[in-house]
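Coordinate inspection notes
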Amino acid sequence: MKLTYDSTVGELYKSPVGHDALAKVLLQLGLPERVLTNRAVSSLKLGTVARLTQKRLGRDFFDALLHLVNSEPDAPAAGKGKITPKWWKEAVFYQIYPRSFCDGNGDGVGDLQGIIGKLDYLKELGVDALWLSPIYDSPNDDNGYDIRDYDKIMREFGTMEDFDLLLAQVHKRGMRLIMDLVVNHTSDEHIWYQKALAGDPVYRDYYFFRKDDGSRTPPNNWTSFFSGPAWKYEEAADSWALHLFSKKQMDLNWDNPRVRDEVIAMVNRWLDKGVDGFRMDVINYISKEEGLPQGNETIGNLMGYPGIEHYYYGPKLHAYLKEIRAKAFEPHGAFSVGETPGLGMKMCRLVTGEERRELDMVFSFDHLETPGHVRFEDYAYDLNYFRDYMIDWITHYGNNCWMSLFYNNHDNPRMISKITKDTTKHTALAKLLAVMQLTLRGTPFLYQGDEMGLANYDFTSMEQITDVEAKGYYAEHVKTEPKEAVFAAILAGTREHTRVLLPWNEKLPPHHAGLRQEAKEEVREAYRALLRLRHREKAFVYGSFRVKSRARDRFVYERRRNGRVYLVDCNLGAKPCREYRLQGKRKLVYDTDPAVMTGGKTAYRKKRGMLAGYEARVWRLRE
């Protein structure tokens, strides 16, 4: 049913795109769902709301919203059937950022030989699969996410022979390997783009070129995620070219079937080598609205990026995902996880529902910032929001879809530093986060250094920052804001925190000289123990999920499968609290307090039924 101005707010909120778009607005504004779901508001007609908000939103806002909502005719399947077992549902993934993981030749840059040297460490830790951030040939404008040649290895990282050895050694240890697939854009140094600039009409249509109209102004008001307009003027072609990210990351035109054929052929070449799958970078951006229309100003102000409504859930996204799956992933039995910024739960269900044959999983990011906050903002993250978010997704995502569980990656600062700057709490907090990540329903994705308890770094100047996003943010905001305030925002949100070489590396590059953290063995042992527990007990993978308490700073839940029942008792706050009261026989199988784990019943009794700040316990219940 197509929605019109005679439709109600409630009807709009019931549609998958309408629900997620409005939920995103509420999140940005820090408002609760009841603002829309109460009877008075939900019964209002959209035409009435448009008139009442004419000055603040404008009718164009509702035109854009209705267009987006009506472009999706499907609704998510109920997802109430049995869960289909898959290896990637049972696996624990470990993301490696090759540049900062392990330096095998002592030049201050991580490389493939360094990764090979740490495979036994990862196997012993309990990792099942590795995800490598890009290792392809690149000029490194965005640390490898600007690819110059998909079929070559970046020289700093090694050779193709090194990669072949890495893949063989991973498989020899019974692990799997997935790579990063960056195909929304290429480097401007890619041969396709170079041919396009040289005037080749075939390759000109591989990208989005727009002839300058003589005004030397961009074709539309879209902005880049790395600051400034999303258009670069190319003097040689007297044209503008689209780049949603840096000026050296040029967006591919997926509407051109030649582009799709080239991408699919490249994916198949890697899968033929034996790669087990791909993480697909900003994959929901690959379909743009025909004509690249002007972005709505109100939506742009709310979301921070004018034009985003024309590509974050494009008109042919589903068709293109189905095509690459059918022609590459399915013939190889390969795994896919998509990075899908901006998509809410219902839209994610439409791209991951098993019956739809698009993506296996996605990374959704709405749990990484609490309502009303953004990454480049210095604030204290509230774990109660994380709890509520997890409960909502696990309860409503459906058995035909599967969640990813993560806190950190190469695009975000460390979560423990977002929660508190009190470094004395970080060890306990790191172990608490590990307990939840490895006992909730979904596939855990660890980021390198999580198991070491690493926190953010105390950067002192922009000279230490290589993050192109942070540098763009700084250059733009320092024009109108005090340098100290802008740098404080950089410290809160820069991706640089997770891109410093890990502690086992002796030599750091000059810009990171002196930045050193010690790996916490207590945290590492916690990960080992929890990974063993997760692998031993499928209740933590496929078991039912039932919340027992969600009081303030409390997250208590039960996992149950085939008569095996576990209760996970988490204190989300820094202050002590009473443990969850249990009846009947039970056995303590894990506690984040090492004294309890080594001291047994005597040490536990000394705590007198209390949980310390950020402590968690895992019980096996005997019925």
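What you see is a predicted model, and the numbers here were worked out from it, not measured in a lab. (Residues numbered from 1 in each chain as written. Predicted model: local features only at pLDDT ≥ 70, side-chain atom pairs only at ≥ 80, totals over all residues. Heavy atoms only, no water.)

**Section: the sheet that holds strand S9 (residues 239–242)**
Working definition: the strands of a sheet are paired by backbone hydrogen bonds and lie parallel or antiparallel to each other. Within the open sheet, the 3 strands sit side by side as S7-S9-S8. Their pairing is antiparallel. Looking at the sheet topology across the chains shown, the edges are occupied by strand S7 (209–211) and strand S8 (231–234). Direction aside, the axes of adjacent strands within the sheet are offset by 30° on average. In terms of strand pairing, S8 meets S9 through 4 bridges, oriented antiparallel. Bridge pairing links Glu234 to Ser239 in S9. (Pairing = 2+ DSSP bridges. Helix = DSSP H or I, 4+ residues; strand = E, 2+ residues; numbered from the N terminus. Axes fitted to C-alpha atoms, helices over the stretch in contact; angles between N-to-C directions.)

**Points about helix H18 (residues 383–396)**
If you check H18, its first and last C-alpha atoms are 20 Å apart, about what 14 residues at 1.5 Å a residue would give, namely 20 Å. H18 sits mainly inside the fold: 10 of its 14 residues count as buried. Turning to H18, its buried residues number three or more, namely Leu383, Asn384, Tyr385, Phe386, Arg387, Tyr389, Met390, Ile391, Trp393 and Ile394. One or two steps after H18, the chain reaches Gly398, where phi turns positive at roughly 100°. (Expected span 1.5 Å × (residues − 1). Buried < 20%, exposed > 50% of the residue type's maximum accessible area, 1.4 Å probe, protein only.)

**Quick word on the sheet that holds strand S22 (residues 616–622)**
Taken in spatial order, the 5 strands of this open sheet run S16-S17-S18-S22-S20, and their pairing is antiparallel. Two strands lie at the open edges of the sheet, namely strand S16 (544–549) and strand S20 (585–591), each paired on one side alone. Sheet twist, expressed as the average angle between the axes of neighbouring strands with direction ignored, equals 25°. Relative to strand S18 (residues 564–571), strand S17 (residues 554–561) runs antiparallel, the two being bridged by 8 bridges. By the bridge assignment, Glu558 is partnered in S18 with Leu567. H18 contacts S16 and S17 of the sheet and is inclined by roughly 30° relative to S17. In this fold helix H20 (residues 426–439) packs onto S17, S18, S20 and S22, with an angle of close to 150° to the strand it touches most, S18. (Contact = heavy atoms within 4.5 Å.)

**Description of the pairing of S16**
Bridge count between S16 and S17: 5 bridges; the pairing is antiparallel. Of the residues in S17, the one forming a bridge with Arg546 is Glu558. Connecting the antiparallel pair S16 and S17 is a turn made up of 4 residues, with Asp553 showing a positive phi of about 65°.

**Quick notes on the side chain of His410**
Mapped onto the elements, His410 comes out in the loop between strand S14 (404–405) and helix H19 (415–419). By relative accessible area, which is 1% here, His410 ends up buried. At a separation of 3.0 Å, a polar atom in the side chain of His410 contacts the side chain of Tyr145. Those residues within four positions of His410 in sequence are excluded, and the remaining contacts are Gln95, Tyr97, Trp131, Ser133, Tyr145, Arg279, Tyr447, Arg495, Thr498 and Arg499. (Polar contact = N/O pair within 3.5 Å; in protein donor to acceptor, adjacent residues only side chain to side chain.)

**Quick word on the packing of aromatic side chains**
One pass over the full model with this rule turns up 45 aromatic pairs. A centroid spacing of 5.5 Å and a plane angle of 20° characterise the contact between Trp131 and Phe363, whose relative ring orientation is stacked. You can see Trp131 sitting in strand S2 (residues 129–132) and its partner Phe363 sitting in strand S13 (residues 361–363), a full 232 residues away along the chain. Like Trp131, the residue Phe363 is buried in the burial classification. Measuring from ring centre to ring centre gives 4.8 Å for Phe363 and Phe445, while their planes differ by 80°; the resulting arrangement is edge-to-face. One end of the pair, Phe363, is in strand S13; the other, Phe445, is in strand S15 (residues 443–447), with 82 residues separating them in the sequence. Each member of the pair, Phe363 as well as Phe445, carries the same accessibility label: buried. An aromatic cluster of at least three residues, connected via ring pairs, comprises Trp87, Trp88, Phe93, Trp131, Phe335, Phe363, Phe365, Phe406 and Phe445. (Phe/Tyr/Trp six-rings, centres within 6.5 Å; stacked < 30°, edge-to-face > 60°.)

**Structural notes on a positive patch on the surface**
Together, Arg536, Lys585, Lys587 and Arg622 give the surface a local cluster of positive charge. With respect to the helices, strands and loops of the structure, Lys585 is situated in strand S20. (Patch = residues over 30% accessible without salt bridge, like charges linked within 9 Å, V, L, I, M, F, W, Y side chains within 5 Å. Areas by Shrake-Rupley, 256 points an atom, 1.4 Å probe, with all protein chains shown as cover. Salt bridge = Lys/Arg side-chain N within 4 Å of Asp/Glu carboxyl O. Lys, Arg positive; Asp, Glu negative; His and termini not counted. Charge placed at Lys NZ, Arg CZ, Asp CG, Glu CD.)

**Overview of a nonpolar patch on the surface**
On the surface, Leu29, Leu31 and Val35 cluster together into a nonpolar patch covering about 220 Å² of accessible area. Inspection of the secondary structure assignment puts Leu29 in helix H2 (residues 16–29). Looking at Leu29, the relative accessible area reads 39%, which means it is partly exposed.

**A word on the environment of Lys86**
Inspection of the secondary structure assignment puts Lys86 in the loop between helix H6 (59–70) and helix H7 (87–90). For the pair Lys86 and Phe335, spaced 249 residues apart in sequence, the C-alpha to C-alpha distance is 9.9 Å.

**Digging into the nonpolar core**
Phe163, Trp270, Phe278, Leu383, Met436 and Cys570 are the most contacted members of the largest nonpolar core, which has 185 residues in total. The contact partners of Met436, leaving out residues within four places of it in the chain, are Leu383, Phe386, Tyr407, Phe555, Tyr557, Cys570 and Leu572. Formed by 16 residues, the second largest nonpolar core is a distinct cluster that contains Phe459, Ala470, Ala489 and Ile490. (Core = buried A, V, L, I, M, F, W, Y, C linked by side-chain atoms within 4.5 Å.)

**Here we look at unusual backbone geometry**
With a phi angle near 45°, Leu292 is a residue other than glycine that sits in the positive phi range. Positionally, Leu292 belongs in the loop between strand S11 (277–280) and helix H15 (297–303). Positive phi, close to 60°, is recorded for Tyr614, a residue that is not glycine. Residue placement: Tyr614 occurs in the loop between strand S21 (610–611) and S22.

**A few points about the state of the cysteines**
Applying the stated rule across the entire model yields 0 disulfides. The cysteine Cys348 is free of any disulfide, with Cys401 supplying the nearest cysteine sulfur at 8.8 Å. Take Cys348: its relative accessible area is 0%, and that puts it in the buried class. (Disulfide = S-S within 2.5 Å.)

**As for the side chain of Thr186**
With respect to the element layout, Thr186 can be found in strand S6 (residues 185–187). A distance of 2.8 Å separates a polar atom in the side chain of Thr186 from a polar atom in the side chain of Tyr207. For Thr186, the residues in contact, after removing those within four places along its chain, are Ile147, Tyr150, Trp192, Tyr207, Lys248, Gln249, Met250 and Leu252.

**Considering H2**
Taking 1.5 Å of rise per residue, 14 residues should cover 20 Å, and H2 covers 20 Å from first to last C-alpha, within 8% of that figure. Judged by how many residues are buried, H2 sits mostly within the fold: 11 of 14 residues are covered. Taken together, the buried positions of H2 are occupied by Pro16, Val17, Gly18, His19, Asp20, Ala21, Leu22, Lys24, Val25, Leu26 and Leu27. Packed against the buried residues of H2 are helix H1 (9–14), helix H3 (34–37), H6, H15, helix H17 (345–352) and H18. Gly30, located one to two residues past H2, shows a positive phi value of around 70°.

Remember that the coordinates give geometry; whether it matters functionally is a separate question.
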